[in-house]
Amino acid sequence: MNNFNDSVNEAAEYSAKISGTGEINGGNYNDITINGSGNVRNADYNSINISGSGSATDKNGNTVKIHGHGHVEKGENGSIRISGSGSAAGGTYNTVKISGTGMITGDIRCNDFSASGTCKASGNIKSDKMSISGTADIQGTVNASDFKVNGTASIRKNMTCKNANISGSIDIKESLNAQIININGSSKIGGDCSAERFESFGSFEIGGLLNADDINIHLYMHKSQSREIGGERINVTVGRHRFGVLQAISALGIYNPKLETDLIEGNEIVLENTTSKVVRGNNITIGKDCSIGLVEYTGSLKKSPDAVVTEERKI
Amino acid sequence: MNNDDIISKKDLLELTDISYGQLYRWKRKGLIPEEWFIRKSTFTGQETFFPKAQVLARIEKIKNMKEDISLDELADVFSPAVDSVSLAANELVKRNIVIPGLLEQYQEFRHNNEPLDFNDILALYILNKLIDSGKISLDEGRLMIEVLNEGMIKFNSEPCELLLMRKLGVFSCLLISPPCKLYPDKGIRIIEKISIPTAIEELKVKLV
């Protein structure tokens, strides 16, 4: 995949403009503007602006296609802006902003990536800030400092970030590695999930190990599960609804969200609505609606009257 | 791996007096490699075991060092990645990795003034230790460096050991990749055995 920015060209001083319908073949321009409908082939440019419908392919084969409004300016201080529907090639930019339907082909490195609408990326994304509102489908890995989803995000490889704030749903096929994870909705992580702090309001499905110092799980609606859970402080409670209708529904017992796991190990563990084969720790509280195969504790064990604990051992 | 070589997670925590929280944190930071977590089926279900000697040694080191350097820096110390560390020559002297005279000799020997990469620094560090302790001479050191550099390329960063020996006053050395058994002839005196992974760890602490 050619780096889009390889063809930033300092020599070009010319601007080209298509108003209405037109075509440009070849040439070396500083900027190209298409107002209406136009196609640019085999031309190098530093920036391109399309209003209407157009496409531009540079001498390296990188293509920009826009139906609506689009702007691409190459270079580390440059940007990609698509409003409407379109696609652009990857590269290094300052900002990438997609509203509508946008597709990025190739790896992207930028400071600020924001997509509202539908966004698809065929490569890896590395961005300082990343904000998705709507739907995003990323085929590669995601590396971000601040990652925010308000909608649905699907990441086919693994994700590393500092802060992950997810409101809606996220599906990461491999692993998630972060400092702080806050989920309000549903999350699916194929591999391991590691963080300093993990807080979930909703439901999650983790294929591997959930490993964090502070784990706070508020169970809502559907079942949550993780193969194993390990950390320092682990708290699992049934989510308390504050709004009337939902509170009434949960009081009916229609939704009784459970956490299912094979193993929970930590220092201080407080559980509710949890089914686990083994729970090990220092001080453990087994609350209501729990079903545990074996509890091993070094400090204290508190059990609620309805908790089912098959075997308990003080070590 | 027989049962004497491995230790269960539970026994490990008890023996080393660390908590689940600490173990999981150290695993997350890469201080205890993923490969050391061995899952086996026992009659109680799935349990985790560790290679006993290695994990005990590692946990001792972590406990000793964690007050002085951060967990992230500690992770670099233990990581097998011998990566893009390149230091200016004067830094090496400042950090007590090599004595000044020796550094000059080494630069002459290399015939160039390129910045030293990690492998160069490692070779220098080991050379310095040996010369400083009087175990080998500078000439012998040159042979040692050749064997070390070429051997490590051949072994592709596998853990290996440097064996220095003398027979009838003639110096020689070997780079071996354990585990292997050796039976030298009676005329050979083994001067020194240096574990390369240990030397790398010591060096990384100095480079932090």
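In the annotation of an unreviewed UniProt entry, chain B is listed under the name DUF4004 domain-containing protein and assigned to Acetanaerobacterium elongatum.

Looking at an unreviewed UniProt entry, one finds chain A named Polymer-forming protein and attributed to Acetanaerobacterium elongatum.

Draft legend 1. Representation of the nonpolar core in the model. Ranked by internal contacts, the top residues of the largest apolar core, which has 77 residues, are F147, F198, I217 and I286 of chain A. In terms of residues, this core owes the most to one element, strand β12 (residues 193-219) of chain A, which gives ten residues. Excluding its chain neighbours within four sequence positions, the residues that come into contact with F198 of chain A are I181, I183, C193, F204, I206, L210, A212, D214, I215, N216 and I217 of chain A. Grouped together as the second largest cluster of nonpolar side chains are 34 residues, L122, L124, I126 and L148 of chain B included.

Draft legend 2. Seen up close, the side chain of S79 of chain A. Of note, S79 of chain A is situated in strand β5 (residues 79-92). Apart from the residues lying within four places of it in its own chain, the contact partners of S79 of chain A are H71, V72, E73, Y93 and T95 of chain A.

Draft legend 3. Examining the environment of C110 of chain A more closely. Residues and elements named next belong to chain A. Looking at the element boundaries, C110 is found in strand β6 (residues 95-121). Spatially, the C-alpha atoms of C110 and I172 are 21 Å apart, while their sequence positions differ by 62 residues. Excluding its chain neighbours within four sequence positions, the residues that come into contact with C110 are Y93, N94, V96, K126, S127 and D128.

Draft legend 4. Examining the interface of chain B and chain A more closely. Taken together, the twelve residues of chain B in the interface contact 22 residues of chain A. With both sides pooled, the region where chain B packs onto chain A buries about 1,500 Å², and carbon together with sulfur makes up 41% of that total. The largest share of the area that chain B buries against chain A comes from Y20, Y24 and R28 of chain B, three residues that together contribute 44% of it. At the junction of chain B with chain A, the criterion picks out eight salt bridges. Salt-bridge contacts for K29 of chain B lead to E196 of chain A; the nearest nitrogen and oxygen are separated by 3.5 Å. Run the count over chain B and chain A and you get 13 residue pairs in polar contact (both at pLDDT 80 or more). If you list the elements that add at least two residues to the side of chain B that touches chain A, you get α1 (9-16) and α2 (20-28) of chain B. When residues in the side of chain B that touches chain A are grouped by element, the largest group, six residues, is from α2 of chain B. Class assignment for the residues of the side of chain B that touches chain A results in two nonpolar, two polar and eight charged.

Rules used throughout
Residues numbered from 1 in each chain as written. Chains lettered and ligands numbered in written order. Predicted model: local features only at pLDDT ≥ 70, side-chain atom pairs only at ≥ 80, totals over all residues. Heavy atoms only, no water. Core = buried A, V, L, I, M, F, W, Y, C linked by side-chain atoms within 4.5 Å. Buried < 20%, exposed > 50% of the residue type's maximum accessible area, 1.4 Å probe, protein only. Helix = DSSP H or I, 4+ residues; strand = E, 2+ residues; numbered from the N terminus. Contact = heavy atoms within 4.5 Å. Buried area = accessible area lost by both parts, 1.4 Å probe. Salt bridge = Lys/Arg side-chain N within 4 Å of Asp/Glu carboxyl O. Polar contact = N/O pair within 3.5 Å; in protein donor to acceptor, adjacent residues only side chain to side chain. Nonpolar A, V, L, I, M, F, W, Y, C, P; charged D, E, K, R; others polar.

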